[in-house]
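# Geometric and topological summary
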Amino acid sequence: MMLSEWEKCLKGELFDAHDNTFKAHKQAAYDFLKAYNQTEYNQGEQRHQLLQRYLGSIGHTATIGTPFLCDMAANIHIGNKVSVNMNCSFMDSNTITIDDETMIGPNVQIYTATHPTTVAERLNPNWETHPEQHFVLTKALPVHIEHQCWLGGGVIVLPGVTIGAGSVIGAGSVVTKDIPPHVVAVGNPCHVLKQLPERG
């Protein structure tokens, strides 16, 4: 059975990012962002309704500051009591899951999409005969921020990363691999600095 480009994407396989399915999701995300970023801060109910309509899921008492950027919107899943600060970018080709009671600082960037590092693998061999496709192939891996985390300002999270429950990521860190639960981790590449006590 041949997989669709969307199915390839969610399975972490190489896919064509210019497939019509992605174009439809990107148009929906554009409509969402245009409306959301122009809705005033004090219109909390209207803002939350837009999040409920366009995101994959969002819990109660969860907020996203503006301006906000995302790629698909539909692949973003946010739990209860989550605060996403202003000027964050979520490139959600694959799923981005942020669990309950998590804080995301300003200017945080979360990426799920990547490309092969070698030119031979990266370039789309079908592009000459199908120029409507993207000239490079893309792969996307899910990102999971577990409950009660805190990501400081300017953190960058790369594709396929899981950040364990209760962990704190220092401002400006670049998270290239999984971070265990209940630690403070900092730097580029992000590494564990110290252990934190588990909440009783």
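As shown above, the structure is provided for reference.
Presented here is a report on the structure given in the accompanying data block. Computed from a prediction, not measured in an experiment: that's the story for all the values here.

Let's shift gears to helix 3 (residues 44-54). Here helix 3 has its buried residues at Arg47, His48, Leu50, Leu51 and Tyr54. End-on, the buried residues of helix 3 take up no more than an arc of 155 degrees, which puts them together on one face. Its buried side turned inward, helix 3 meets helix 2 (20-36), strand 1 (57-58) and strand 2 (63-64).

Our next topic: the packing of helix 2 against helix 3. Interaxial distance between helix 2 and helix 3 falls to 10 Å at its minimum, and their mutual angle equals 175 degrees. Taken together, the axes of helix 2 and helix 3 are roughly antiparallel relative to one another. On helix 3, the residues touching Ala28, Asp31, Phe32, Ala35 and Tyr36 of helix 2 are Arg47, Leu50, Leu51 and Tyr54. Each residue belonging to the contact of helix 2 with helix 3 can be placed in one class, and the counts come to seven nonpolar, no polar and two charged.

So, on to a nonpolar patch on the surface. Together, Val119, Leu123, Trp127 and Phe135 make up a nonpolar patch on the protein surface, roughly 370 Å² of accessible area in all. By secondary structure assignment, the location of Leu123 is in the loop between helix 4 (119-122) and strand 11 (139-140). Residue class for Leu123 comes out partly exposed when judged on its relative accessible area of 42%.

Here we come to the sheet that holds strand 19 (residues 191-195). Pairing between sheet strands relies on hydrogen bonds along the backbone, with the strands arranged either parallel or antiparallel. Strand order across the open sheet formed by seven strands is 2-5-8-13-16-18-19, with mixed pairing between neighbours. In this open sheet, the two edge strands, each paired with only one partner strand, are strand 2 and strand 19. With two bridges joining them, strand 16 (residues 168-169) and strand 18 (residues 183-186) adopt parallel strand pairing. Bridge pairing in strand 18 places Ile169 opposite Ala185.

The sheet built from five strands is open, its strands ordered 3-6-9-14-17 with parallel pairing. A strand with exactly one partner marks an edge of an open sheet, and here the two such strands are strand 3 (68-70) and strand 17 (174-175). Pairing of strand 3 with strand 6 (residues 88-91), which is carried by three bridges, proceeds in the parallel orientation. The partner of Leu69 across the bridge, within strand 6, is Ser89.

Basis of the calculations
Residues numbered from 1 in each chain as written. Predicted model: local features only at pLDDT ≥ 70, side-chain atom pairs only at ≥ 80, totals over all residues. Heavy atoms only, no water. Buried < 20%, exposed > 50% of the residue type's maximum accessible area, 1.4 Å probe, protein only. Helix = DSSP H or I, 4+ residues; strand = E, 2+ residues; numbered from the N terminus. Arc of directions from axis to C-beta. Contact = heavy atoms within 4.5 Å. Axes fitted to C-alpha atoms, helices over the stretch in contact; angles between N-to-C directions. Parallel < 35°, antiparallel > 145°, perpendicular 65-115°, else oblique. Nonpolar A, V, L, I, M, F, W, Y, C, P; charged D, E, K, R; others polar. Patch = residues over 30% accessible without salt bridge, like charges linked within 9 Å, V, L, I, M, F, W, Y side chains within 5 Å. Areas by Shrake-Rupley, 256 points an atom, 1.4 Å probe, with all protein chains shown as cover. Salt bridge = Lys/Arg side-chain N within 4 Å of Asp/Glu carboxyl O. Pairing = 2+ DSSP bridges.

None of the figures reported here should be taken as evidence of function without further support.
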